[in-house]
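Residue-level structure breakdown
Chain by chain, the residues:
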Number of protein chains: 4
Amino acid sequence: MTQPPHDPHAGHGTMVPRTKEEIENIVKRLKRIEGQVRGVQKMVEDNRYCIDILVQISAIQAALRQVGMQLLERHANHCVAKAIREGSGEESLRELMNVIKQFSK
Amino acid sequence: MTQPPHDPHAGHGTMVPRTKEEIENIVKRLKRIEGQVRGVQKMVEDNRYCIDILVQISAIQAALRQVGMQLLERHANHCVAKAIREGSGEESLRELMNVIKQFSK
Amino acid sequence: MTQPPHDPHAGHGTMVPRTKEEIENIVKRLKRIEGQVRGVQKMVEDNRYCIDILVQISAIQAALRQVGMQLLERHANHCVAKAIREGSGEESLRELMNVIKQFSK
Amino acid sequence: MTQPPHDPHAGHGTMVPRTKEEIENIVKRLKRIEGQVRGVQKMVEDNRYCIDILVQISAIQAALRQVGMQLLERHANHCVAKAIREGSGEESLRELMNVIKQFSK
């Protein structure tokens, strides 16, 4: 697998590239989250009531958790599954477990 | 309770307005989070490796949790404490517990 | 720390004692959780499949979270509310926030 | 895969049986958790202060999370890794992801 020198995931595990549709779907969700974070900045600057701000932050956390879980599952089902079929499954599994531990902190 | 029409927290509980320093501190943290979310969008578009993206998302979650906890504590120590002193403590406490339940979901 | 022998919460904040019904309800839930933990021990000893054990542990965590939230809400609605009415609300609020921070770790 | 009729994990994925030491270590942790749950029952019956009970519950949750994570990692490193080597890795991975989703709820 000769890769171009500036390959963005050189040195990393097996990856099934995202399709255009997948990228658009995830970026759309992230843009919405970005907008929510900006909205919270405005609320803070406008001295809006703390509870209303906290409700917004809790909504952003839920949205981030959801997009994180979506990416995690997609990675497992596509990339790790491919690694398993191609003989580097144990390495991909180790990476997966490390990131899951990161999330559980 | 007749309040001016554009009062930012009309109909809400007692609030000790944020100082300029408090606002700057929180907005700075939120801008950093916004930048991190934008960074993740770029990583997704560049088809960067899933695990690297997930590590970033986990960092954003930690940063959001931290700013949320900071706002929650400040609200309790300042606004709810003031409400208690001024006779509307039980109402402020109910609001506080509702938002805490929201977070624990 | 010489305390009157049977004052169960000497040195602590305001508390509305649990009724007989409340005690029975909570103890019943805790006994069920205790039974679930014992069940998991048996599963481990019988070399039962890890995934089945993990599903059980996840169920115990959910049950504990529920009983914890029930106690937290009851404490806020009864004990902290009483402290607010009796003039020690700020102290009770501080205690409440400390335990909430403990849970969010 | 003809298995004896009372095999404890019939119909399940690959499993590397726990050693005697592993069983003892996990059971010891679970017995401690069981004791903590019983201690909380006693605290509730004795009408002990809510905050003290909540601190205990938070400690039990942390202990359960730890033993859960220990079992999850051991399952990934031993059982799923073995399944990968033996050709049923994708199935084991699916099970693993399902239980991880269960925990993240």
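As recorded in an unreviewed UniProt entry, chain A goes by the name Transcriptional regulator, listed as coming from Geobacillus genomosp. 3.

**Looking at the overall build of chain A**
Scanning chain A from terminus to terminus reveals three helices and zero strands. The linear arrangement of helices and strands in chain A, starting from the amino end, is α-α-α. By the burial criterion, 48% of the 105 residues in chain A qualify as buried. For chain A, the exposed surface amounts to about 5300 Å²; the carbon and sulfur share of it is 52%.

**Some remarks on the packing of helix α2 (residues 50-86) of chain D against helix α3 (residues 89-103) of chain D**
All names here are of chain D. Viewed as axis vectors pointing N to C, α2 and α3 meet at an angle of 160°, and their least axial separation amounts to 8 Å. For the element pair α2 / α3, the angle class is roughly antiparallel. Viewed along their axes, α2 and α3 form a crossing whose handedness is right-handed. In contact with Leu-72, His-75, Val-80, Ala-83 and Ile-84 of α2, α3 contributes Gly-89, Ser-92, Leu-93, Leu-96, Val-99 and Ile-100. Partitioning the contact of α2 with α3 into residue classes produces eight nonpolar, three polar and no charged.

**Remarks on the relation of the copies chain A and chain B**
Structural alignment of chain A on chain B gives an RMSD of 0.0 Å, achieved by rotating through 180° and translating 0.0 Å along the axis. One copy is carried onto the other by what is essentially a two-fold rotation axis. Within chain A, Glu-34 of chain A has its C-alpha nearest the rotation axis, a separation of 2.8 Å. Taken together, the interface assignments show that 98% of the residues at the interface of chain A recur at the interface of chain B, consistent with an identical surface on both copies.

**Looking at the side chain of Gln-41 of chain A**
With respect to the helices, strands and loops of the structure, Gln-41 of chain A is situated in helix α1 (residues 20-45). Classification of Gln-41 of chain A by relative accessible area gives buried; the value is 4%. Beyond its immediate chain neighbours, meaning those up to four positions away, Gln-41 of chain A contacts Val-27, Leu-30, Lys-31 and Glu-34 of chain B.

**Some remarks on the interface of chain A and chain B**
On the chain B side, the residues contacting the 52 residues of chain A number 51 residues. Here chain A packs against chain B, burying approximately 4600 Å² in sum over the two surfaces, 67% of which is carbon and sulfur. We note a salt bridge from Glu-34 of chain A to Arg-38 of chain B, for which the minimum N-O separation is 2.9 Å. Summed over the shared surface of chain A and chain B, the result is 14 residue pairs in polar contact (both at pLDDT 80 or more). Those elements that provide at least two residues to the side of chain A that touches chain B are α1, α2 (50-86) and α3 (89-104) of chain A. Among the elements that take part in the side of chain A that touches chain B, α2 of chain A stands out by supplying 19 residues, more than any other.

**Things to note about helix α2 (residues 50-86) of chain C**
Residue and element names in this part refer to chain C. End to end, α2 covers 52 Å across 37 residues, agreeing with the expected 54 Å (1.5 Å per residue, within 8%). Largest kink in α2: about 35°, centred on Ala-76. Of the residues one or two after α2, Gly-87 is the one with positive phi, at around 95°.

**So, the pattern of salt bridges**
For side chains of opposite charge, pairing can occur when their charged atoms come near one another. As enumerated under the stated definition, the model contains 32 salt bridges over all chains in all. Of the charged contacts in the structure, one is a salt bridge between Lys-82 of chain C and Glu-86 of chain C, with a shortest N-O distance of 3.1 Å. Here the residue Lys-82 of chain C and the residue Glu-86 of chain C both occupy positions in helix α2, the gap between them amounting to four residues, near one helical turn. Salt bridges sharing partners connect three or more residues here, namely Glu-34 and Arg-38 of chain A together with Glu-34 and Arg-38 of chain B.

**Digging into the nonpolar core**
Of all hydrophobic cores here, the largest spans 127 residues; its most connected members are Ile-33 and Leu-72 of chain B, Ile-33 of chain C together with Ile-33 and Leu-72 of chain D. Leave out the neighbours within four places in its chain, and Leu-72 of chain D touches Met-97 and Ile-100 of chain A, Leu-54 of chain C together with Leu-96, Val-99 and Ile-100 of chain D.

**Examining the interface of chain C and chain D**
Taken together, the contact between chain C and chain D spans 52 residues of the former and 52 residues of the latter. Approximately 4600 Å² of surface area, both sides summed, lies buried where chain C meets chain D, with 67% of it carried by carbon and sulfur atoms. Connecting chain C to chain D are 13 residue pairs in polar contact (both at pLDDT 80 or more). Looking at the side of chain C that touches chain D, the elements that each hand over two or more residues are α1 (20-45), α2 and α3 (89-104) of chain C. With 19 residues, α2 of chain C is the largest single contributor of residues to the side of chain C that touches chain D. Residue composition of the side of chain C that touches chain D, grouped by class: 28 nonpolar, twelve polar and twelve charged.

**Considering unusual backbone geometry**
Negative phi characterises most residues that are not glycine, and trans characterises most peptide bonds. All names here are of chain A. The phi torsion at Asn-47 lies on the positive side, around 55°, for a residue other than glycine. Mapped onto the elements, Asn-47 comes out in the loop between α1 and α2. Residue class for Asn-47 comes out buried when judged on its relative accessible area of 18%.

The rules behind the values
- Residues numbered from 1 in each chain as written.
- Chains lettered and ligands numbered in written order.
- Predicted model: local features only at pLDDT ≥ 70, side-chain atom pairs only at ≥ 80, totals over all residues.
- Heavy atoms only, no water.
- Helix = DSSP H or I, 4+ residues; strand = E, 2+ residues; numbered from the N terminus.
- Buried < 20%, exposed > 50% of the residue type's maximum accessible area, 1.4 Å probe, protein only.
- Areas by Shrake-Rupley, 256 points an atom, 1.4 Å probe, with all protein chains shown as cover.
- Axes fitted to C-alpha atoms, helices over the stretch in contact; angles between N-to-C directions.
- Parallel < 35°, antiparallel > 145°, perpendicular 65-115°, else oblique.
- Left-handed = near helix turned anticlockwise from the far one by under 90°.
- Contact = heavy atoms within 4.5 Å.
- Nonpolar A, V, L, I, M, F, W, Y, C, P; charged D, E, K, R; others polar.
- Least-squares fit on C-alpha atoms with pLDDT ≥ 70 in both.
- Buried area = accessible area lost by both parts, 1.4 Å probe.
- Salt bridge = Lys/Arg side-chain N within 4 Å of Asp/Glu carboxyl O.
- Polar contact = N/O pair within 3.5 Å; in protein donor to acceptor, adjacent residues only side chain to side chain.
- Expected span 1.5 Å × (residues − 1).
- Bend = angle between axes of the 7 residues up to and from the residue.
- Core = buried A, V, L, I, M, F, W, Y, C linked by side-chain atoms within 4.5 Å.

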